[in-house]
2 protein chains.
Amino acid sequence: MEQAVQHLEITYKEIVKTFLHRKSELGLYEAQQFSKVLLEHQISPEELVSVHRAVLEELFPAVPEEVIDSFDLLLEVMMGYGLAYREHQSLRDRQL
Amino acid sequence: MEQAVQHLEITYKEIVKTFLHRKSELGLYEAQQFSKVLLEHQISPEELVSVHRAVLEELFPAVPEEVIDSFDLLLEVMMGYGLAYREHQSLRDRQL
């Protein structure tokens, strides 16, 4: 899992770079495709928020610490959605 | 809904401020409570990401534009989770 998340970070960093440098529809299309991959691999929304923070720290080392810290809060709130999402998966599995 | 989201932004801004200034357990506790309120009001994860961005822009006007822009991407990916979450609600409603 640790390794999968590392790959995710590398992949996501490339998507962020494409998006920011070209600000194109292509970036958003890649994001939608990536979103599907994340859901397939059962990556939780809070994990993605954590990857987003790591990528921002890498790409923009001068970003104020408080902005980076604020992601801890976003992450915490996202955990509620993560829980609902995992419940969704278990409900769906029971219906299959 | 527009008004509700405006209130959310005000509430969330206060939570972010508490969290950043005190970096205390209290901030995280507030975040967990807020997470429950969001789920009760069927606020999607992408809406929350949008509120987070708006609050950061307000609190840290000097943050590089690219960091703010990167939220468009996070928002896009979160839409996948939002969809799964709404499916979860509809599945649950059918089971009640």
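These remarks concern the structure in this document. Everything numeric in this text was worked out from a predicted model, so none of it was measured.

Calculation notes
Residues numbered from 1 in each chain as written. Chains lettered and ligands numbered in written order. Predicted model: local features only at pLDDT ≥ 70, side-chain atom pairs only at ≥ 80, totals over all residues. Heavy atoms only, no water. Contact = heavy atoms within 4.5 Å. Buried area = accessible area lost by both parts, 1.4 Å probe. Salt bridge = Lys/Arg side-chain N within 4 Å of Asp/Glu carboxyl O. Polar contact = N/O pair within 3.5 Å; in protein donor to acceptor, adjacent residues only side chain to side chain. Helix = DSSP H or I, 4+ residues; strand = E, 2+ residues; numbered from the N terminus. Nonpolar A, V, L, I, M, F, W, Y, C, P; charged D, E, K, R; others polar. Expected span 1.5 Å × (residues − 1). Bend = angle between axes of the 7 residues up to and from the residue.

We now examine the interface of chain B and chain A. Bring the parts together and some accessible area is lost; that lost area is often taken as the interface size. Tallying the contact residues gives 46 residues for chain B and 46 residues for chain A. In this assembly, chain B packs against chain A so that about 4100 Å² is buried in total across both faces, 74% of it on carbon and sulfur atoms. Taken together, chain B and chain A are joined by 0 salt bridges. At the surface where chain B touches chain A, the tally comes to 8 residue pairs in polar contact (both at pLDDT 80 or more). Contributions of two or more residues to the side of chain B that touches chain A are made by helix 1 (2-22), helix 2 (25-40), helix 3 (45-59) and helix 4 (65-95) of chain B. Residue contributions to the side of chain B that touches chain A peak at 21 residues, all from helix 4 of chain B. Looking at the side of chain B that touches chain A, its residues break down into 28 nonpolar, 10 polar and 8 charged.

A few words now on helix 4 of chain B. Taking 1.5 Å per residue as the helical rise, helix 4 of chain B with its 31 residues ought to reach 45 Å, and the 45 Å between its terminal C-alpha atoms agrees with that figure. The principal kink in helix 4 of chain B, of about 25 degrees, is found at Met79(B).

Remember, this is a structural readout, not a statement about activity or role.
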